[in-house]
Amino acid sequence: MAADHTHPAPSAPPRVRRILVLTVVPLFVATVLAAALLWPRGGSPQTDGGADVPRYPGTVTRVVSEPCPPVPSVPEGTPRVGDGRCGTVDVRVDDGPTAGQQVQTPVPDGPGAPRVEVGDEVILVELADPTDPTTSNWNIAEHQRGTPMVWLAVVFAVAIVAFGRWRGLAALAGLAASFAILLTFVLPGIGAGRSPLLVAVVGAALIMFVVLYLTHGVTAQTSVAVLGTLGSLVLTGVLATIATAATHLTGFGSEDATTLSMFQGDVDLHGLLLAGIIIGSLGVLDDVTVTQAATVTELANANPGLTRLQLYRAATRVGRAHIASTVNTIVLAYAGASLPLLLLLTADSRPIGQILTSEFLAQEIVRSAVATLGLIAAVPLTTGLAAVVTAAGRTDATPSTDAPARRPQPDRSEALAALSSPRTAGSDEPDQPRTAPPSQATDRWPESNRSTDTAW
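Residues numbered from 1 in each chain as written. Predicted model: local features only at pLDDT ≥ 70, side-chain atom pairs only at ≥ 80, totals over all residues. Heavy atoms only, no water.

Focus: the overall build of the protein
Keep this limit in mind: Starting at the N terminus, helices and strands are each numbered in turn, a helix being any DSSP run of H or I of at least four residues and a strand any DSSP run of E of at least two. Per-residue accessibility, obtained with a 1.4 Å probe over protein chains only, is compared with the maximum for each type, and a residue is labelled buried under 20%, exposed over 50%, and partly exposed between these values. Residues count as neighbours in contact if any of their non-hydrogen atoms are within 4.5 Å of one another. Using a 1.4 Å probe, accessible areas were evaluated by the Shrake-Rupley method; residue-level cover was limited to the displayed protein chains.
Scanning the protein for helices and strands turns up 13 helices and 5 strands. A burial count over the protein gives 32% of its 456 residues as buried. Contacts spanning at least 24 positions in sequence make up 69% of the contacts within the protein whose residues lie at least 6 apart. Summed over all atoms, the accessible surface of the protein reaches about 27800 Å², with 63% contributed by carbon and sulfur.

This is the structure:
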């Protein structure tokens, strides 16, 4: 097994730690109190989602394909809604009150219908016949995906732990904490009628505190990343509010939002749009802030002679390269998630200006632009905080009154004079040592027995 070459950042001096504690702890306490006040109570809200259709797992035992009968009512040349699959499927019910029973269903047909073969594990739904409630019809809803998803999750976790080791295990714990906060606080809070923007900001801050300290440890470097992330989140929320108000976005820019408004009419879709921007920005922000804080720390360790301004400039150059690639990542991530929408736009006959300013596309543009602006602001904010904290720690750790101690630097004039001075007779002999008068050797070479030959 290879050795772990990661090394933690040096401990910050007591004064720096006290300042960070007095800054971070009140923010964490305020986040916890806000979460307690906004925590949903009274259970999940009731939605008008219709009756719950029973669903049972089953295994396909036989598939009988038949030619589809002609449809005289459809004019010739009119395409069918489905792909023309007809026949029957025999399925063995694996669980429920009819476990072990063989049922017959029609071959799934229509847009998005699953293609089944013998041996496939499927999900069955039992629908009561409206004309005769004592009888029921069976249909295949979809494939069972539990087993392959469990294996994918196992491979995912093993790969992270194998590469990241204890850091990877901490990252998995942070991922679990993020989902726990989303599922127990953010989503129920928005569903209970709380302000989506306020719930998203508090939930994102709570996720940030838990994940960053759990993954990267309780250090001054992590505290700097926390402060930079929190400041960038607040700025992102302000920019999102201004941008959505200026563009008059209502939140009804997607089919999912329209469907949600039908089942839960009290949800503020405009606030939900802002909440989505906040939550979506958090995942990229903590990456940038942690990287910038670590960059400043490593630069200071590699060259203790760098000043605050030099640390800031050097780390900002790294941040520019990081931002240049991350901006492309954000745009491609949104484009990948919206490929059906982009394909729909290519078939739209309206002018390009009308398409770009329509709500469903303007919403994605605003989301990407605001997230990018918050990301850009995170670099100078986090880098400046890290430079101040790192330089203050270096100053506190050195007892100098005027300036912090620096690594001893050789005198260039003495080195050049020693290299340019003529060698004594016999020094060209390979076995003869190179000598100089005692006074010159003392003035030019602090270590008289030090060899100038390159060690191979």
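Back to the text.
Comments concerning the confidence of the model for the protein
Here is the rule we go by: Think of pLDDT as the predictor's per-residue confidence, scored from 0 to 100.
Residues at a pLDDT of 70 or more form 77% of the protein, whose mean pLDDT is 78. Taking the mean pLDDT of every element in the protein, the minimum, 45, falls on helix 13 (residues 438-444) and the maximum, 92, on helix 2 (residues 146-164). This model gives residues 397-405 a pLDDT under 50, and the stretch forms 6 contacts once residues within four places in sequence are excluded.

Some points on the sheet that holds strand 5 (residues 136-143)
Convention followed: Strands pair, by our definition, only if DSSP identifies at least two bridges between them. Each axis is a line fitted through C-alpha atoms, taken for helices only over the stretch in contact, and angles between the N-to-C directions span 0 to 180 degrees.
Judged by pairing direction, the sheet is antiparallel, and its 5 strands sit side by side in the order 3-2-1-4-5 without closing on themselves. At either end of the open sheet lies a strand with only one pairing partner, and these are strand 3 (102-106) and strand 5. When strand polarity is set aside, the average angle formed by the axes of neighbouring strands in this sheet is 45°. As judged from the 5 bridges shared by strand 2 (residues 86-93) and strand 3, these two strands associate in the antiparallel manner. Each residue of the ladder has a partner; that of Val89, found in strand 3, is Thr105.

A word on helix 1 (residues 14-38)
Put simply, the rule is: A helix is expected to reach a length of 1.5 Å times the quantity of its residues less one.
An ideal rise of 1.5 Å per residue puts 36 Å on 25 residues; helix 1 measures up with 36 Å between its terminal C-alpha atoms. When helix 1 is considered as a whole, its buried residues turn out to be Val16, Leu20, Val24, Thr31, Ala35 and Leu38.

A closer look at the state of the cysteines
Heads up, the condition is: Only a pair of cysteine sulfur atoms within 2.5 Å qualifies as a disulfide here.
Inspection of every chain in the model, using the stated rule, returns 1 disulfide. The partner cysteine of Cys68 in its disulfide is Cys86, sulfur to sulfur 2.0 Å. Taking the sign of the torsion about the S-S bond as the criterion, the disulfide between Cys68 and Cys86, at about 110°, is right-handed. With Cys68 in the loop between strand 1 (55-66) and strand 2 and Cys86 in strand 2, this residue pair connects regions lying 18 residues apart in the sequence.

Here's the deal with the UniProt feature "transmembrane region" (unreviewed entry) in the protein
Applied cut-off: UniProt positions are given in the numbering used here, feature names are shortened, and annotations may be inferred rather than shown by experiment.
Feature annotation in UniProt assigns "transmembrane region" (unreviewed entry) to the following positions: residues 19-39, 146-163, 170-191, 197-214, 226-249, 269-285, 323-345 and 365-389. End-to-end, the C-alpha atoms of residues 170-191 are 30 Å apart, and along that stretch the chain is 100% helix and 0% strand. With 96% helix and 0% strand, residues 323-345 has end C-alpha atoms that lie 29 Å from one another.

Side note on the packing of aromatic side chains
What counts, and what does not: To pair, rings of Phe, Tyr and Trp, with the six-membered ring standing in for Trp, must have centres within 6.5 Å; the planes then decide the type, stacked if under 30 degrees apart, edge-to-face if over 60, and tilted in the middle.
For the structure on display, the rule yields 3 aromatic pairs. Both rings, one in Tyr56 and one in Trp138, keep their centres 5.9 Å apart while their planes meet at 50°; by these two values the pair is tilted. Pair noted here: Tyr56 is in strand 1 and Trp138 is in strand 5, with a separation of 82 residues, a long-range link. Trp138 carries the same exposure label as Tyr56, and that label is buried.

Description of the packing of helix 4 (residues 196-216) against helix 5 (residues 220-246)
This is how it is decided: In these notes the angle categories are as follows: under 35 degrees is roughly parallel, over 145 is roughly antiparallel, 65 to 115 is roughly perpendicular, and the rest is oblique. Helix crossings fall into two classes, left-handed where the near helix is turned counterclockwise from the far one by less than a right angle and right-handed where it is turned clockwise. Each residue is assigned to one of three groups, with Ala, Val, Leu, Ile, Met, Phe, Trp, Tyr, Cys and Pro labelled nonpolar, Asp, Glu, Lys and Arg labelled charged, and all others, Gly among them, labelled polar.
Contact geometry for helix 4 and helix 5: axes closest at 10 Å, N-to-C directions at 160°. Accordingly, the angle class assigned to the pair helix 4 and helix 5 is roughly antiparallel. As for how helix 4 packs across helix 5, the hand of that crossing is right-handed. Note on element contacts: helix 5 touches helix 4 through Thr222, Ser223, Ala225, Val226, Thr229, Leu230, Leu233 and Thr241, opposite Leu197, Ala204, Ala205, Met208, Phe209, Leu212, Tyr213 and His216. Partitioned by chemical class, the residues of the contact of helix 4 with helix 5 number 11 nonpolar, 5 polar and no charged.

Regarding the side chain of Thr229
Filter applied, for reference: The definition of a polar contact used here is a pair of N or O atoms within 3.5 Å, where within protein one atom must be able to donate a hydrogen and the other to accept one, and adjacent residues in sequence count solely through side-chain atom pairs.
Structurally, Thr229 can be placed in helix 5. Among the polar contacts made by the side chain of Thr229, one reaches the main-chain carbonyl oxygen of Ala225 at a distance of 2.7 Å. The contact partners of Thr229, leaving out residues within four places of it in the chain, are Met208, Leu212, Leu282, Leu285, Asp286 and Thr289.

Overview of the packing of helix 4 against helix 7 (residues 269-302)
Close contact between helix 4 and helix 7 brings their axes to 9 Å; oriented N to C, the two are set at 20°. The angle between helix 4 and helix 7 falls in the class roughly parallel. By crossing handedness, the relation of helix 4 to helix 7 is classed as right-handed. Here Pro196, Leu197, Ala200, Val201, Ala204, Ile207, Met208, Leu212 and His216 of helix 4 come into contact with helix 7, specifically with Gly271, Leu272, Leu274, Ala275, Ile278, Ile279, Leu282, Asp286 and Val290. Class assignment of the residues belonging to the contact of helix 4 with helix 7 gives a composition of 15 nonpolar, 2 polar and 1 charged.

Considering the nonpolar core
To keep things clear, this is the line we draw: What is meant by a nonpolar core is a set of buried Ala, Val, Leu, Ile, Met, Phe, Trp, Tyr and Cys residues, joined one to another through side-chain atoms within 4.5 Å.
Ranked by internal contacts, the top residues of the largest apolar core, which has 52 residues, are Phe185 and Met208. Every element with two or more residues in this core is listed here: helix 1, helix 3 (166-191), helix 4, helix 5, helix 7, helix 8 (308-337) and helix 11 (359-397). Not counting chain neighbours up to four residues away, the residues in contact with Met208 comprise Tyr213, Val226, Thr229, Leu230 and Leu282. Of all hydrophobic cores here, the second largest spans 12 residues; its members include Tyr56, Val116, Trp138 and Ile140.

Concerning unusual backbone geometry
Here Arg165, not a glycine, exhibits a phi torsion of approximately 55°, which is positive. Summarising the element assignment, Arg165 is placed in the loop between helix 2 and helix 3. Unusually for a residue other than glycine, His248 sits at a positive phi of about 60°. With respect to the secondary-structure elements, His248 resides in the loop between helix 5 and helix 6 (255-263).

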